[in-house]
Every structure is written in structure tokens, then in C-alpha cells.
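Chain and residue survey
Each chain is listed here by its residues.
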Amino acid sequence: MSGLLILLAFLMVGTLLQHWTSAPIPAAILGMLSLLVFLLVRRRVPSSLAQTTATLAPLLPLLLMPVSVGLVTHENLIRTHGVTLLAILVISLIPGVLVCGWIMSRGK
Amino acid sequence: MSVLLSMPLFWAGLTIGGFLLSQRVYQLTGKQPFLPPMLTGTLLVVTTLKLTDTPYDVYMTGGRYLNDLLGPVIVMLAVPLFQQLKAISQNAVRILLAVSLGSATTILSAWALTHWWIGDATLANTLLTKSITTPVAVAIVPQLGGEASLAAGFVILTGIIGVVMIVPMLSLLKMDSPASKGITLGVCAHAIGTAQALELGEQEAAYAASAMTLTATLHAIVLPLMAPLVT
């Protein structure tokens with residue numbers, strides 16, 4: 001349970017950071033970065049946090065379903081531009097793959 | 001029936017049930033990359049909403065219960081990132097270059113193509129989040145003036161397309177070392193690519209997981225700061 005408390009505490013830290021700095025970065029991301037700094041200083045993951053992570057991680061796709069269901073509100077857009085968007089997703093992936101593959105294979 | 005359909009708990013329950021069912025289908029079909037439980041589950045709920053003529057707002061009275069838990073779970077992503085830092089540190093410069101340049105080229109081409117072919121700024125900006133793992137994409141897309149639900153859809157589709165394209169492309173170009181495959185899958189196909197890397201081998205998986213978290217962290221910081229340029 002204390003793992004969950006750690007997560008909530010850092011989410012609060014993130015929310016406060018965002019409030020004070022009015023940075024455009026979301027509170028949850030600032031919370032994640034603060035937790036990362038905490039872990040780097042501490043040099044290991046507290047066992048309660050490791051346990052909470054193991055429990056929550058498989059649920060992540062479930063927690064994202066309500067947002068994704070919002071696709072129903074974009075029916076018209078999908079009908080008009082669906083095919084073009086699919087083509088854009090396929091084509092735009094090619095330069096990314098070339099750049100990554102080239103950098104990782106170069107000079108080896 | 002209409003009482004049931006207006007109950008928040010019914011919609012929360014349907015989401016969980018739909019997810020469990022989709023997970024079952026995913027396992028029974030040998031973990032097909034084009035059937036991620038999140039996609040099948042979402043389609044199940046969407047179909048139910050259509051059949052019962054229920055508006056999204058009514059669905060969200062229950063969907064909210066699950067959605068509210070996203071915040072702490074995003075914070076939690078620091079744990080895997082911390083665990084992978086060791087794996088990355090030996091090859092840090094090369095990996096950071098691949099992550100930043102690789103992800104920048106793919107999202108900028110998507111952004112440019114959308115402006116060129118469709119001419120819709122909201123769509124183009126939503127596509128900027130396509131290479132980030134879904135929870136992070138959904139969190140930062142409002143800052144870019146994009147749409148969260150569309151972002152989730154694009155991210156999943158990109159992952160599926162990536163799983164189909166990346167490994168064959170790299171093999172064809174003879175750039176198929178474990179490091180190259182892992183990093184490319186992580187950068188271009190985020191969590192779905194990482195799941196495929198897990199099946200390729202341990203090395204590929206470590207590279208893919210690091211690339212995915214690095215891309216997400218980098219974009220989560222850089223994209224909102226660059227938002228004034230595109231909105």
C-alpha cells in the first residue's frame with residue numbers, strides 16, 4: 001500500500017510544481033520526473049513501490065480505454081479522412097525507421 | 001434497460017469486462033500484434049455505445065472512475081525508466097541520437113503530410129504525439145491543441161503498423177542487429193513494438209523498452225515547450 005502512497009505523493013509534487021512554475025508540461029509527467037530523481041538519489045526502487053508497479057502495470061491498457069472510446073465523437077472525421085490518415089501513419093514511419101536503423105548500425 | 005444504461009457503474013463494469021474478454025481473445029489467438037486488448041476492448045465498448053445510442057458523456061460518468069487512475073500510473077512509469085538506465089548508459093550517445101533524431105523525423109513527416117494532404121491543424125498537432133506511449137500521449141496532447149481520443153487511436157495504429165513494417169524493413173536493409181531492431185521498435189512503435197521485441201530476445205527487449213521510455217520522456221518535455229510554434 002505504501003507504494004501507492006508514494007505515487008500519489010509524487011503526483012502531488014508534480015501538481016504543485018506545475019502550479020508554481022506554470023510550465024506547459026502536465027503535472028503527471030512532472031511527478032514522474034520527480035520520482036525518477038528520487039530513485040536516482042536513492043539508487044534503488046523501494047520494494048513497496050516495485051510491488052505496486054507490478055500490480056498496476058498490466059492494468060494500464062484498461063485505464064486508457066475510456067479516453068480511446070472517445071473515438072465515437074470523431075465518426076465524421078474518420079469517415080472523411082480515415083484512409084488518408086492511415087496512409088500518413090504508414091509513410092511517416094519510413095524515415096523514422098531509416099534514421100534509427102542507420103544510427104544504430106553505423107560504424108559497427 | 002434504460003435505467004441500467006444510465007448507471008455509471010454499468011459503463012465502468014462494461015469497460016472492465018470488455019478488457020478482460022479482449023485479453024482472453026489476445027491470448028487465445030497467440031498474441032497477434034494487430035489485436036492488442038486495448039484496441040479490441042475499445043471497439044467492443046464503442047459498438048455497445050452505438051447499439052444503445054448512448055452519448056460519450058453518459059459513458060464517461062462511469063469511464064471516469066478508470067480514467068482518474070491514469071495520473072498515478074503515469075508517475076509510476078519512472079520505475080521502469082530507472083531500471084533501464086543501466087542498460088542504456090554503455091551506449092548512451094548513439095542511443096540518444098537515434099531516439100531524438102528518429103522520433104523527430106517520423107513525427108515531423110506525419111505533421112507535414114497532414115498539413116499538406118488534409119490541412120487541419122488540430123489533426124496535425126494530434127499526430128505529433130503518435131510515437132509516444134499512449135498514457136503520455138494522452139497527457140500532453142491537450143497542450144498541443146490536439147484531441148486525446150484521436151491521439152490514443154493514432155498511437156495504437158502506429159504501434160501496429162510499426163510491428164508489421166519495422167523488422168522486415170531493417171532486415172532488407174541489413175541494419176538488423178539486436179540494438180538496431182530494439183531501438184527502432186521502441187522509438188517508432190512504443191509499447192506495442194516493445195512487446196514484439198520481447199519475443200525477439202532479451203537484448204532487443206531491453207533496447208526497445210529504453211527507447212520507448214526515453215522517447216516518451218523527451219517528447220513529454222519538448223513537445224509542450226514547442227507548442228507555441230505549432231498552435
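Residues numbered from 1 in each chain as written. Chains lettered and ligands numbered in written order. Predicted model: local features only at pLDDT ≥ 70, side-chain atom pairs only at ≥ 80, totals over all residues.

1. Structural notes on the overall build of chain B
Looking only at helices and strands, chain B features twelve helices and zero strands. Reading chain B from its N terminus to its C terminus gives the helix and strand order α-α-α-α-α-α-α-α-α-α-α-α. For 231 residues, the compact-globule estimate of 2.2 N^0.38 gives 17 Å, and chain B sits close to it at 19 Å. Reported as C-alpha extents along the three principal axes, the dimensions of chain B are approximately 60 × 45 × 35 Å. (Helix = DSSP H or I, 4+ residues; strand = E, 2+ residues; numbered from the N terminus. Rg over C-alpha atoms; globule rule 2.2 N^0.38 Å.)

2. Some remarks on the overall build of chain A
Per the secondary structure count, chain A includes five helices and zero strands. Reading chain A from its N end, one meets helices and strands in the order α-α-α-α-α. Scaling as 2.2 N^0.38, a compact globule of 108 residues should have a C-alpha radius of gyration of about 13 Å, whereas chain A reaches 20 Å, well beyond that. In terms of its C-alpha atoms, chain A occupies a principal-axis envelope of roughly 50 × 50 × 35 Å. Out of the 108 residues in chain A, the part that is buried amounts to 40%. Across chain A, every contact between residues at least 6 apart in sequence was considered, and the portion connecting residues at least 24 apart equals 37%. (Buried ≥ 20, exposed ≤ 12 C-beta atoms within 10 Å, placed from the backbone. Contact = placed C-beta atoms within 7 Å.)

3. Some thoughts on the confidence of the model for chain B
Summing up the model confidence of chain B, the mean pLDDT is 88 and the portion of residues at 70 or higher is 99%. Prediction confidence for the complex, expressed as pTM and ipTM, is 0.83 and 0.87 respectively. (pLDDT = per-residue confidence, 0-100.)

4. Thoughts on helix 6 (residues 78-89) of chain B
Taking 1.5 Å per residue, twelve residues should reach 16 Å; helix 6 of chain B reaches 16 Å between its end C-alpha atoms and fits that length. Within helix 6 of chain B, burial applies to Ala 78, Val 79, Leu 81, Phe 82 and Ile 88 of chain B. In this structure, the buried residues of helix 6 of chain B make contact with helix 2 (27-42) and helix 3 (47-56) of chain A together with helix 5 (70-76), helix 7 (92-117) and helix 12 (202-230) of chain B. (Expected span 1.5 Å × (residues − 1).)

5. Focus on the environment of Met 76 of chain B
With respect to the helices and strands, Met 76 of chain B occurs in helix 5. If we skip the residues at most four places from it in the chain, Met 76 of chain B touches Leu 7, Thr 53 and Leu 56 of chain A.

6. Concerning the nonpolar core
Side chains that are nonpolar tend, in soluble globular proteins, to be buried together. Residues Ile 29 and Met 32 of chain A together with Val 75 and Ala 78 of chain B are the most contacted members of the largest nonpolar core, which totals 102 residues. Residue contributions to this core peak at 13 residues, all from helix 10 (residues 148-172) of chain B. Taken domain by domain, this core gets at least three of its residues from each of domain 1 (2-68) and domain 2 (76-230) of chain B. Those residues within four positions of Ala 78 of chain B in sequence are excluded, and the remaining contacts are Met 32, Leu 35, Leu 36 and Leu 39 of chain A. (Core = buried A, V, L, I, M, F, W, Y, C linked by C-beta atoms within 7 Å. Domains from an automatic or database assignment.)

7. Thoughts on unusual backbone geometry
Apart from glycine, the bulk of residues carry a negative phi angle, and the bulk of peptide bonds sit in the trans form. Positive phi values are uncommon outside glycine, yet Asp 53 of chain B reaches one of about 60 degrees. Its place among the elements puts Asp 53 of chain B in the loop between helix 3 (37-52) and helix 4 (56-67).

8. Some details on the environment of Asn 125 of chain B
Residues and elements named next belong to chain B. On the secondary structure map, Asn 125 appears in helix 8 (residues 121-127). Residue Asn 125 is classed as buried on the basis of its C-beta count, with 23 C-beta atoms lying within 10 Å. Separated by 57 residues in sequence, Asn 125 and Gly 182 have C-alpha atoms that sit 27 Å apart.

9. Digging into the packing of helix 7 of chain B against helix 12 of chain B
Residue and element names in this part refer to chain B. The contact between helix 7 and helix 12 brings their axes to 10 Å, and the two run at 60 degrees. Taken together, helix 7 and helix 12 sit at an angle that is classed as oblique. Between helix 7 and helix 12 lies a crossing whose hand is right-handed. Residue-level inspection shows Ile 95, Val 99, Ser 100 and Ser 103 of helix 7 in contact with helix 12, the latter providing Ser 210, Ala 211, Leu 214, Thr 215, Leu 218 and His 219. Considered class by class, the residues forming the contact of helix 7 with helix 12 number five nonpolar, five polar and no charged. (Axes fitted to C-alpha atoms, helices over the stretch in contact; angles between N-to-C directions. Parallel < 35°, antiparallel > 145°, perpendicular 65-115°, else oblique. Left-handed = near helix turned anticlockwise from the far one by under 90°. Nonpolar A, V, L, I, M, F, W, Y, C, P; charged D, E, K, R; others polar.)

10. Examining the interface of chain A and chain B
Taken together, the contacts link 54 residues of chain A with 80 residues of chain B. Looking at the side of chain A that touches chain B residue by residue, the classes come out as 40 nonpolar, 13 polar and one charged.

11. Structural notes on the domain arrangement of chain B
All names here are of chain B. Entries for chain B in the domain assignment read domain 1 (2-68) and domain 2 (76-230). Relative placement of domain 1 and domain 2: their C-alpha centres are 26 Å apart. Across the side of domain 1 that touches domain 2, the residue classes break down as five nonpolar, no polar and no charged.

12. Quick look at the environment of Arg 44 of chain A
Residue placement: Arg 44 of chain A occurs in the loop between helix 2 and helix 3. Through-space distance from the C-alpha of Arg 44 of chain A to that of Met 65 of chain A is 32 Å; in sequence the pair is 21 residues apart.

13. Points about helix 7 of chain B
Residue and element names in this part refer to chain B. Look at helix 7: 37 Å from first C-alpha to last across 26 residues, which is about the 38 Å you get at 1.5 Å a residue. Of the positions making up helix 7, those classed as buried are Ile 95, Ala 98, Val 99, Gly 102, Ser 103, Thr 105, Thr 106, Ile 107, Ala 110, Trp 111 and Thr 114. Looking one or two residues beyond helix 7, the residue adopting positive phi is Gly 119, at roughly 70 degrees.

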